[in-house]
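# Descriptive analysis of the structure
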Amino acid sequence: LSQVQGTHPDCSIILHFQEREAECLERIRSESQTPALPGQEGCPTEWDGVSCWPALPLGQSRAVACPDIPNVFKKSKGLIQRNCTEWGWSLPSPPYHSACQLETLGSNDTEAKACRFVTMKVLYTCGYSTSLAALLLAIGIFSCFRKLHCTRNSIHIHFFTSFILRGTAVFIKDSVLFSDESIDHCTMSTVTCKAAITFFQYSVLANFYWLLVEGLYLQTLLLLTFTCDRSYTWGYILIGWGVPMVTVGVWVLTRLQYDNHGCWDDYSSLYWWVIKAPILLAIFVNFLIFLNVTRMLAQKIRCPDLSKTHKQQYMRLTKSTLLLIPLFGVHYVVFALFPKHVGVDARLYFELVLGSYQGFLVALLYCFLNGEVQAEIRRNWGKWQRSMESNVFNLATQDFTA
């Protein structure tokens, strides 16, 4: 998502320790304002970099459990003990790496992991670049040929535009968050990075809602008569661009009010459901449309009164939309139901690498493989060739008569 979609595991670990440290330091500040009574001296609350040790009277001991953090400690039920002595807190016994069995990550593993992310970035950069070029060409084709101007292709252009925004948002987000290696993107919290994440989330929402519009339009065509009527155009625009705008606006206000930390890319936050729930809703509605359109299409094609031309029109638009609905929705639903630390590599591959070529696939299905578009291009190409031949003939005739 992509977003990289999901907080990187390393960032989750860092943010976890920072939150625990902040809680512990707040406790220390609170205790420092209440001086100890005579005869109650002991060891004050202390943060040792891993755990918070509450204040303890002299001569007593305390045990804390290992932090429950995947990919850092193998055991979460181990206990570490410290004593309060006249010289202060004793060293942890047994040490964290022994009691909690610290996960070991060799330098070779780290280098391989870094190499994998670099390779993935190259792949999705190529994917988004290919998609952007194909989508811009497709929009140019639909815009240039007057015969292709109708509601159906207008919706396609909006759908293409949502993919262009998504690809652009990915490049902007990468340039803001990862252009400078000296910046700690896990803790960075600037207006620029929040704006980049907000723009990205809007483009993702618009993407799914214009796919929903494609499904709604297809169902409308099957329910009514195949037509280029523009009466529903503004309704489609409100769904495709308006719903994502309202959703992102609510999300931004919620984050500003209740969870305004980091760059808003911590997808473990409960407020992330403000974005996730509308996307899942759009996918669910599209799935219902998928089932309904399949049923109606079977009835339409078997209808003896339907002309061959209308059957071809239904089939041409239907096969594209019916392919896109499950293709774009299934992987999102699957990953949305799993915890973020499960299948991280597979998630990144699907959301970044394969997701980057979705725009190219859309342009291919709706434009380049569209028989109506191909026929119009051939007609104009033939017209241009005849015009050029006529001009050459006229120039040759003028030279001969001169």
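Reading the values: rules and limits
Residues numbered from 1 in each chain as written. Predicted model: local features only at pLDDT ≥ 70, side-chain atom pairs only at ≥ 80, totals over all residues. Heavy atoms only, no water. Helix = DSSP H or I, 4+ residues; strand = E, 2+ residues; numbered from the N terminus. Contact = heavy atoms within 4.5 Å. Axes fitted to C-alpha atoms, helices over the stretch in contact; angles between N-to-C directions. Parallel < 35°, antiparallel > 145°, perpendicular 65-115°, else oblique. Left-handed = near helix turned anticlockwise from the far one by under 90°. Nonpolar A, V, L, I, M, F, W, Y, C, P; charged D, E, K, R; others polar. Pairing = 2+ DSSP bridges. pLDDT = per-residue confidence, 0-100. Buried < 20%, exposed > 50% of the residue type's maximum accessible area, 1.4 Å probe, protein only. Core = buried A, V, L, I, M, F, W, Y, C linked by side-chain atoms within 4.5 Å. UniProt positions renumbered as here; feature names shortened; annotations may be inferred. Phe/Tyr/Trp six-rings, centres within 6.5 Å; stacked < 30°, edge-to-face > 60°.

### As for the environment of C43
Turning to its location among the elements, C43 is positioned in strand 1 (residues 42-43). Along the chain, C43 and W89 lie 46 residues apart, while their C-alpha atoms are 6.4 Å from each other. Look past the residues within four positions of C43 in its chain and what remains in contact with it is A55, L56, C84, T85, G88 and W89.

### A closer look at the packing of helix 5 (residues 191-223) against helix 6 (residues 233-258)
Taken N-terminus to C-terminus, the directions of helix 5 and helix 6 make an angle of 150°; their axes are 8 Å apart at the nearest point. Here helix 6 runs roughly antiparallel to helix 5, going by the angle between their axes. Handedness of the helix 5/helix 6 crossing: right-handed. When grouped by side-chain class, the residues that make up the contact of helix 5 with helix 6 number 20 nonpolar, five polar and no charged.

### Quick notes on the sheet that holds strand 7 (residues 88-89)
Taken in spatial order, the three strands line up as 5-6-7 in an open sheet, and their pairing is antiparallel. The open sheet is flanked by strand 5 (61-65) and strand 7, the only strands paired with a single partner. Examined bridge by bridge, strand 6 (residues 79-85) and strand 7 share two bridges and lie antiparallel to one another. Bridge pairing in strand 7 places T85 opposite G88.

### Brief notes about the confidence of the model for the chain
Model confidence for the chain is summarised by a mean pLDDT of 79, while 72% of its residues fall at 70 or above. Of the regions scoring below 50 in pLDDT, residues 1-7 engages in 32 contacts with residues more than four places distant in sequence or in other chains.

### What about the environment of L223?
Within the secondary structure, L223 is located in helix 5. L223 gets classed as exposed once you look at its relative accessible area, which sits at 55%. As a C-alpha pair, L223 and M296 span 73 residues in sequence and 8.1 Å in three-dimensional space.

### Focus: the nonpolar core
If you look at the biggest cluster of nonpolar residues, it comprises 64 residues, and the most contacted ones within it are F159, F160, W210, I275 and I279. Contributing elements (two or more residues each) for this core: helix 3 (107-144), helix 4 (151-178), helix 5, helix 6, helix 7 (273-302), helix 9 (344-356) and helix 10 (358-368). Top element by residues in this core is helix 5. It accounts for 17 residues. Membership of the second largest hydrophobic core comes to 17 residues, among which are C24, L56, I69 and C100.

### Overview of the UniProt feature "transmembrane region" (unreviewed entry) in the chain
Mapped onto the present numbering, the UniProt feature "transmembrane region" (unreviewed entry) falls at residues 122-143, 208-226, 233-253, 273-293, 321-342 and 348-369. Taken end to end, residues 122-143 comprises 100% helix and 0% strand; its first and last C-alpha atoms sit 32 Å apart. Between the end C-alpha atoms of residues 273-293 there is a gap of 29 Å, over a span that is 100% helix and 0% strand.

### A few points about the packing of aromatic side chains
Here the structure, examined in full by the defined rule, presents 12 aromatic pairs. When the centroid spacing of 5.7 Å and the interplanar angle of 65° are considered together, the rings of W210 and W241 count as edge-to-face. Residue W210 is located in helix 5, and its partner W241 is located in helix 6; the two are separated by 31 residues in the primary sequence. No difference in accessibility class separates W210 from W241, as the two residues are buried. With centroids separated by 6.0 Å and ring planes inclined at 15°, the aromatic side chains of Y258 and Y271 adopt a geometry described as stacked. Note that Y258 is positioned in helix 6 and Y271 in the loop between helix 6 and helix 7, a separation of 13 residues in sequence. Using a relative accessible area of 28% as the deciding quantity, one classes Y271 as partly exposed.

### Points about the packing of helix 4 against helix 10
It is at 10 Å that the axes of helix 4 and helix 10 come closest, and there the two elements cross at 165°. By the criterion of interaxial angle, the relationship of helix 4 to helix 10 is roughly antiparallel. Note on packing geometry: the crossing formed by helix 4 with helix 10 is left-handed. Here helix 4 contributes H156, F159, F160, F163 and R166 to the contact with helix 10, which in turn contributes Q358, G359, V362, A363 and Y366. Counted by class, the contact of helix 4 with helix 10 contains six nonpolar, three polar and one charged residues.

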